[in-house]
Amino acid sequence: VGHCHPDIVKAAHEQNQLLNTNSRYLHDNLVDYAERLSRTLPEKLCIFYFLNSGSEANDLALRLARQYTKHQDVIVLDHAYHGHLTTLIDISPYKFRNLEGQKEWVHVAPVPDTYRGLYREDHEDAVTAYADEVKNIIEHAHKRGRKIAKFFVESLPSVGGQIIPPAGYFQKVAEHVHKAGGVFIADEIQVGFGRVGKHFWAFQLQGEDFIPDIVTMGKPIGNGHPLACVATTKEIAEAFAATGVEYFNTFGGNPVSCAIGLAVLDVIEKEHLQAHATEVGNFLMKTLKEQQIKHPIIGDVRGCGLFIGVDLIKDQAE
């Protein structure tokens, strides 16, 4: 919502003057913010855990999925990046390929990229072909005696090249993953909060019939203030609580963070920032496409709202 937005600065200052506590002390801001955030999500995603960073959120999502499914293995997309904690480096091909390599419990699926990927725009059914790659990974894992706990994906792969997965891909993948006893985790840390314009969450681009089991949030959620969130279902949260080991985060969900989170949602709504992302994104896409006609080096222009990718190439045919 912009650097030092006055509404955000004011919310932080006013709450700081009143009270900021460890989150064992109950405060209305936590509940108010959870309720407000819940209005942006499908009803099924009704339990919220608050944290300080996207990496913390993704790490908790891994724990939730493992506890709920009783399995360990994860499927991720090639080139993905999900955070800087050890567990997240392990599920980020973008990082682990230059470090300790791929763990046996991590499985890498091809990015559903219809421009540069395995199956391209001219393929008769790229959606099914890419989803079948995930299905094949699951079958291969089962043959080796391994069990899939989750499919972990950015709703729009960002580090992987600003990719827009073809509509229907998540539904087909979720079907295979659920059948294998796993859950679907949508990482909205870079692409959530109205960035895609048409929708508040990027996973909604896949259609109204698609709902992830877990959604993680970070980055824009606090406009630079350390705040993050994991949203999930009652069933998953209850399985997590059944261990008897409570989830506690000293500063996650403190009154100042929640006041800032509420102010961010207010500004997004009041200043019509979703519509702004659509309008400016459409203008940028239009002008980039005009450049594409003039310059053979521009191979592809793709995007939604203010999530836009341009491929610069050497050879149009290849």
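In this text, all values refer to a predicted model and were calculated from it rather than measured experimentally. Residue numbers restart at each chain and count upward from 1, following the sequence in its written direction. Where local features are concerned, this predicted model is filtered to residues with pLDDT of at least 70; where side-chain atom pairs are given and counted, the filter is 80 or more; whole-chain, interface and lining totals use all residues. Each side-chain value is worked out from all heavy atoms of the structure, with water and hydrogens disregarded.

Some remarks on the domain arrangement of the protein
Argument step 1. Domains assigned within the protein are domain 1 (7-271) and domain 2 (276-312).
Argument step 2. For this analysis, residues touch if any pair of their heavy atoms sits within 4.5 Å. Every contact between the two is made by 16 residues of domain 1 and, on the other side, 14 residues of domain 2.
Argument step 3. Computed with a 1.4 Å rolling probe, the buried area is the accessible surface lost when two parts are put together, summed over both parts. Interface of domain 1 and domain 2: buried area, both sides summed, is about 1200 Å²; carbon and sulfur atoms make up 59% of it.
Argument step 4. Any Lys or Arg side-chain nitrogen located within 4 Å of an Asp or Glu carboxyl oxygen qualifies as a salt bridge. At the surface where domain 1 touches domain 2, the tally comes to one salt bridge. Residue ranges assigned to each domain were obtained from an automatic or database domain assignment.

Looking at a nonpolar patch on the surface
Argument step 1. Without a salt bridge and with relative accessible area above 30%, a residue can belong to a patch; like charges are then joined within 9 Å and nonpolar side chains (Val, Leu, Ile, Met, Phe, Trp, Tyr) within 5 Å. Reported accessibility uses the Shrake-Rupley method at a 1.4 Å probe radius. Residues are deemed covered only where the shown protein chains occlude them. Taken together, the side chains of Ile297, Val310 and Leu312 define a hydrophobic patch exposed on the protein surface, amounting to about 270 Å² of accessible area.
Argument step 2. A run of DSSP states H or I qualifies as a helix once it reaches four residues; a run of E qualifies as a strand once it reaches two. Both are numbered from the N-terminal end. Within the secondary structure layout, valine 310 lies in strand β9 (residues 307-312).
Argument step 3. Throughout this description, buried means an accessible area under 20% of the type-specific maximum (1.4 Å probe, protein chains only), exposed means over 50%, and partly exposed covers the range between. Judged by relative accessible area, valine 310 falls into the partly exposed class, the value being 37%.

As for the sheet that holds strand β5 (residues 183-187)
Argument step 1. Each pair of strands is called paired provided DSSP finds at least two bridges between the two strands. Within the open sheet, the seven strands sit side by side as β1-β7-β6-β5-β4-β2-β3. Their pairing is mixed. The open sheet has two edge strands, β1 (47-51) and β3 (106-109), and neither has a second partner. Recorded for the sheet is a direction-independent mean angle of 20 degrees between the axes of neighbouring strands.
Argument step 2. Alignment of β5 against strand β6 (residues 214-217), held across three bridges, turns out to be parallel. Bridged to alanine 186 within β6 is valine 215.
Argument step 3. Convention adopted: a line fitted to C-alpha atoms gives each axis, helices being fitted over their contacting stretch, and angles between N-to-C directions are expressed from 0 to 180 degrees. Sheet contacts for helix α6 (residues 126-143): β2 (73-77), β3 and β4 (148-154); angle to β3, the most-contacted strand, approximately 155 degrees.

So, the packing of helix α3 (residues 54-69) against helix α8 (residues 234-241)
Argument step 1. Put simply, α3 and α8 touch, their axes get as near as 8 Å, and they point 85 degrees apart. As far as their axial angle goes, α8 and α3 are roughly perpendicular. Contacts from Leu60, Arg63, Leu64, Gln67 and Tyr68 of α3 reach α8 at Glu235, Ile236, Ala239 and Phe240.
Argument step 2. Nonpolar residues are Ala, Val, Leu, Ile, Met, Phe, Trp, Tyr, Cys and Pro. Charged residues are Asp, Glu, Lys and Arg, and all others, Gly as well, are polar. Residues that form the contact of α3 with α8 fall into these classes: six nonpolar, one polar and two charged. Reported orientations rely on four angle classes, namely roughly parallel under 35 degrees, roughly antiparallel over 145, roughly perpendicular from 65 to 115, and oblique for the rest.

Quick look at unusual backbone geometry
Argument step 1. One non-glycine residue, glutamine 162, lies in positive phi territory at about 55 degrees.
Argument step 2. Notably, histidine 272 is not glycine yet its phi reads approximately 50 degrees, a positive angle.

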